[in-house]
Amino acid sequence: YSAKQGYRYFFYVKGEQVLTVIGVNETTFRVYNLTVGGIEKTLLLEDSIGRMELKDYGVFTEGYYLIESEKRIAAFIGGRPREGVIEGSFVPATSGGLVGKEFIFTPFTNLDIIAIEDSEVTVFDAKGKKTISFKLWQNETKELSLLKGEVFRVVSTGRIAIQVNHGYSAGYQLVDVRG
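About the thresholds
Residues numbered from 1 in each chain as written. Predicted model: local features only at pLDDT ≥ 70, side-chain atom pairs only at ≥ 80, totals over all residues. Heavy atoms only, no water. Phe/Tyr/Trp six-rings, centres within 6.5 Å; stacked < 30°, edge-to-face > 60°. Helix = DSSP H or I, 4+ residues; strand = E, 2+ residues; numbered from the N terminus. Buried < 20%, exposed > 50% of the residue type's maximum accessible area, 1.4 Å probe, protein only. Lys NZ or Arg CZ within 6 Å of the ring centre and 35° of its normal. Salt bridge = Lys/Arg side-chain N within 4 Å of Asp/Glu carboxyl O.

J.: Now, about the packing of aromatic side chains: what can you tell me, with residues and values included?
T.: One pass over the full model with this rule turns up five aromatic pairs. Relative to F60, the ring of F11 lies with its centre 6.2 Å away and its plane at 65°, an arrangement referred to as edge-to-face. With a gap of 49 residues between them, F11 in strand β1 (residues 7-23) and F60 in strand β4 (residues 54-69) connect regions that are remote in the sequence. Exposure class is identical for F11 and F60. Each is buried. Measuring from centroid to centroid gives 5.1 Å for F60 and Y65, while their planes differ by 85°, and the two rings are edge-to-face. In textbook terms, an aromatic cluster arises when at least three aromatic residues are bridged by ring pairs, as seen for F11, F60 and Y65. Just above the ring of F134 sits the side chain of K142; from NZ or CZ to the centre is 5.2 Å.

So, in structure tokens, the structure goes:
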């Protein structure tokens, strides 16, 4: 595939962290280790993933990495869970930014859905079954608890943002270099 026409996600690992990838669409992707100031890249793994499929990839050690994919993916890099730690990050929308109308992700603990404008929000599981639906007014926030480790799709009639409280040390969602 041509990485120039695909998506690129750069990330840095401090210590040891696990990479979680979710298919926004069915796609193939490669993970590279970047060395010599990013001039050299070494292929670490190549894999394909289906829409709404979740895969975890071993332990990544300290260094710089690059993911190249044909189509957009949802990716999270994080350390091992720590008891009592509440940290979070915003989930990128399937359109690429942090605000949108469709999101595909996995929750680690609870999550907050923030309405940027009046919205009707529907949550689907990985099999496409509707699990919950509700309305939010502009600037209203709703906290949800969904099954950890499962993949969910959130669709909204208005623009929303989703913050996942993941309880991971130094973890964050990856965003394509174009946003």
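J.: An account of the pattern of salt bridges is requested, with residue identities and associated values reported.
T.: What the rule picks out here adds up to eight salt bridges. Ionic pairing is found between R8 and E68, a salt bridge with its closest N-O pair at 3.0 Å. Here E68 lies in strand β4 and R8 lies in strand β1, a separation of 60 residues in the sequence. With a shortest N-O distance of 3.5 Å, E117 and R159 are connected by a salt bridge. Taken together, the positions of E117 in the loop between β8 (110-115) and β9 (119-125) and R159 in strand β12 (residues 152-165) put the pair 42 residues apart, joining distant regions of the chain. Using a relative accessible area of 27% as the deciding quantity, one classes E117 as partly exposed. Residues participating in the shared-partner salt-bridge network are R8, K41 and E68.

Worth remembering: the numbers are spatial, not functional.
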